[in-house]
Amino acid sequence: MLNVPSQSFPGSSSQQRVSSGGRSKVPLKQGRSLMDWIRLTKSGKDLTGLKGRLIEVTEEELKKHNKKDDCWICIRGFVYNVSPYMEYHPGGEEELMRGAGSDGTDLFDQVHRWVNYESMLKECLVGRMAVKPAFPKGMLPKSQVTDPLAKEGPSSPSYDWFQTDALVTIVIYTKQKDINLDSVIADHRDDSFRAETVIKDYSYLIHIALSHEIQEDFSVRVVENVGKIEIVLKKKENTSWKCLGHPLENHNSLIPKKDTGLYYRKCQLISKEDVTHDTKLFCLMLPPSTHLQVPTGQHVYFKLTITGTEIVKPYTPVSDSLFSEFKEPVLPNNKYIYFLIKIYPAGLFTPELDHLQIGDYVSVSNPEGNFKISQFQELEDLFLLAAGTGFTPMVKVLSYALTNIPSLRKVKLMFFNKTEDDIIWRSQLEKLAFKDKRFDLEFVLSAPTSEWNGKRGYISPALLSEFLKRSLDTSKVLICICGPMPFTEQGMKLLHDLNFSKDEIHSFTA
Ligand code: FAD
Ligand code: NAP
């Protein structure tokens with residue numbers, strides 16, 4: 001389905017691939033990159049065949065458009081003619097055809113819920129699905145007039161509010177024990193206040209147009225043992241509020257996280273430092289009107305408008321250095337987020353990021369990802385397999401494990417790169433390995449110079465079986481793997497061949 005080439009790159013003809021020693025790759029057609037697609041959508045060509053007219057599409061009509069050269073797909077009630085997009089779809093035409101003539105929302109969500117198809121496909125919009133009247137005119141379906149909270153999943157949270165002369169406190173009762181400051185993402189924008197609480201795989205939303213003005217900043221407290229969240233807003237004027245405000249979309253609802261859209265806020269670029277010849281450390285500052293902490297192992301999405309089209313790509317926050325996570329405690333109101341980002345000169349998104357000036361803004365989403373801290377429970381051996389910027393999720397995982405897991409005996413990182421110059425934070429990693437005897441480090445290079453004395457080549461059974469030795473036969477292990485998609489897929493296969501179970505492996509993907 002619709003995708004931007006983040007997982008499958010480097011593309012066949014990219015410089016990165018050319019240097020790889022000619023292993024077999026799926027060729028991509030020239031002139032069919034995302035940038036080429038954007039150009040086509042701006043060319044004024046009629047991509048729907050309807051000359052800009054929007055129509056109501058019945059199910060019967062949708063079903064008829066199920067061929068490559070006449071392919072309509074419905075996503076969240078909107079119907080797109082995706083035939084012109086076929087050759088540009090990085091996942092391939094076959095993948096896109098899986099949704100031909102039908103509602104492709106579930107398929108789309110399974111693969112890349114985060115892709116901003118609305119913007120990328122706006123010139124392909126045919127119209128809306130015609131709604132079947134399921135209820136007599138004037139009557140609402142029952143679910144819209146009763147409690148909007150989900151009937152399945154965690155028991156329904158609730159909220160309340162109280163005030164003093166200067167403050168308004170919103171209290172959320174989650175009735176869960178594993179709630180912490182990472183669980184709450186809150187934003188105050190104009191007169192609306194939005195607080196999303198992540199409870200297992202669900203999201204509980206408070207979304208209100210406040211009755212009175214408040215100051216920009218606010219604070220969030222969590223009483224962990226009872227799962228109570230307190231959000232303290234500062235009134236602009238010391239008057240008594242009669243009500244908190246009126247509900248906005250999805251207020252007081254508990255929705256499976258997979259069904260929620262991505263919410264963005266603008267973050268300011270504070271600094272940008274070279275780390276290697278092509279990788280930079282970006283520091284972004286959250287607005288004062290946002291509370292957001294990205295949990296270990298999760299990523300966010302950046303959104304930029306590139307030649308009029310909104311483009312979204314995932315990035316994984318790191319700490320500002322490998323040692324900063326050890327400086328306890330990390331301030332709960334930390335407003336800075338750091339990212340290690342490789343700039344691809346021929347890429348679509350990273351050159352734009354690189355062109356941002358200090359003080360410019362980029363939109364950053366709520367955190368996403370399926371890594372759970374509970375995977376560290378009672379952990380004794382942690383093995384990290386990273387290739388290139390696949391190192392980024394390992395930064396926080398490594399620091400968290402060394403700082404917070406008392407049972408941990410060994411952490412080993414095998415870091416795959418092309419050359420020595422490509423190794424991110426090499427001296428920091430070496431210093432850490434020297435300082436902390438639990439941490440071992442192995443670099444593997446695919447295109448080293450003749451002076452390189454270390455390991456060479458690609459991920460292989462021989463490299464892995466030597467590296468993945470448990471410190472005790474019975475050790476509880478976790479293996480984390482991240483890198484270019486084919487690297488990760490090959491690594492996963494090798495790990496299964498080496499008899500590691502699913503629970504012992506975590507692969508980082510979008
Ligand atoms: P792209 O336009 O995707 O191009 C990348 C390369 O492929 C270029 O060399 C380009 O020439 C080549 N290419 C693209 N299209 C074609 C084509 N059709 N034919 C031939 N060659 C082609 N990256 C980081 O640097 N840091 C992170 O922390 C990070 N975190 C991530 C987290 C997740 C969950 C995922 C999935 C990815 C992450 N990435 C990260 C990768 C990131 O999302 C982008 O994919 C990456 O920055 C490249 O974006 P781009 O648009 O600049 O390059
Ligand atoms: P790179 O420099 O191109 O590659 C790093 C190393 O991996 C090189 O030695 C490379 O060898 C090797 N390699 C590449 N493909 C391989 C394959 N199929 N089999 C075995 N070895 C392979 O990597 P990069 O440009 O930094 O890209 C990093 C990737 O990680 C991107 O795809 C990015 O999307 C992904 N990433 C994912 C996440 C996540 O959370 N999911 C986070 C960050 C990054 P050769 O180049 O010599 O072939």
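Residues numbered from 1 in each chain as written. Chains lettered and ligands numbered in written order. Predicted model: local features only at pLDDT ≥ 70, side-chain atom pairs only at ≥ 80, totals over all residues. Heavy atoms only, no water.

A few words now on the sheet that holds strand β19 (residues 300–306). Pairing between sheet strands relies on hydrogen bonds along the backbone, with the strands arranged either parallel or antiparallel. Strands sit in the order β20-β19-β23-β16-β17-β22-β21 across an open sheet of 7 strands; the sheet is antiparallel. Among the strands making up the open sheet, the edge pair consists of β20 (309–315) and β21 (317–318). Note: β19 against strand β23 (residues 361–365), 2 bridges, orientation antiparallel. Directly across from Phe-302, in β23, lies its bridge partner Val-364. (Pairing = 2+ DSSP bridges. Helix = DSSP H or I, 4+ residues; strand = E, 2+ residues; numbered from the N terminus.)

Before going further, it helps to examine the layout of surface pockets. Unoccupied space between atoms shows up once a probe the size of one water molecule is rolled over them. Roughly 690 Å³ of volume is contained in the second largest pocket. Every residue lining the second largest pocket is counted, 27 residues in all, and those nearest its centre are Glu-118, Thr-260, Gly-261, Leu-262 and Tyr-263. When residues of the lining of the second largest pocket are traced back to their parent elements, those giving at least two are α6 (117–120), β10 (192–199), β11 (202–210) and β20. (1 Å grid on protein atoms, 1.4 Å probe; cavity = no way out; pocket = protein on both sides within 12 Å on 5 of 7 lines; lining within 4 Å. Points joined across faces, edges and corners; volume = space filled by probe spheres on them.)

Moving on, we get to the confidence of the model for the chain. When pLDDT is averaged along the chain, the result is 87; 88% of the residues meet or exceed 70. Overall, residues 1–26 carries pLDDT values under 50, and its contacts beyond four positions in sequence, including any with other chains, amount to 61 contacts. (pLDDT = per-residue confidence, 0-100. Contact = heavy atoms within 4.5 Å.)

Take the pattern of salt bridges next. This structure, assessed with the given rule, holds 29 salt bridges. The closest approach of N and O atoms between Glu-380 and Arg-409, which form a salt bridge, is 2.8 Å. Of this pair, Glu-380 sits in the loop between β23 and β24 (381–387) while Arg-409 sits in the loop between α9 (392–404) and β25 (410–417); the two residues are 29 residues apart in sequence, bridging distant segments of the chain. Of the charged contacts in the structure, one is a salt bridge between Lys-455 and Glu-466, with a shortest N-O distance of 3.6 Å. Placement of the pair is Lys-455 in strand β27 (residues 455–456) and Glu-466 in helix α11 (residues 461–467), with a sequence separation of 11 residues. Overall, Glu-466 belongs to the partly exposed group, its relative accessible area being 45%. (Salt bridge = Lys/Arg side-chain N within 4 Å of Asp/Glu carboxyl O. Buried < 20%, exposed > 50% of the residue type's maximum accessible area, 1.4 Å probe, protein only.)

A positive phi angle, close to 60°, is found at Asn-250, a residue other than glycine. By secondary structure assignment, the location of Asn-250 is in the loop between β14 (245–247) and β15 (253–256). If you check the backbone angles, Asn-499 has positive phi at about 70° while not being a glycine. Topologically, Asn-499 is positioned in the loop between α12 (485–497) and β29 (505–507). Since its relative accessible area comes to 67%, Asn-499 is described here as exposed.

Right, let's get into the sheet that holds strand β7 (residues 158–163). Spatially, 4 strands are ordered β7-β8-β13-β12 in an open sheet, and the strand pairing comes out antiparallel. Where the open sheet ends on each side, the last strands, each with one partner, are β7 and β12 (214–223). On average, adjacent strands in this sheet sit at an angle of 20° to one another, irrespective of strand direction. Relative to strand β13 (residues 228–235), strand β8 (residues 167–173) runs antiparallel, the two sharing 7 bridges. When the bridges of β13 are listed, Thr-169 appears paired with Val-232. (Axes fitted to C-alpha atoms, helices over the stretch in contact; angles between N-to-C directions.)

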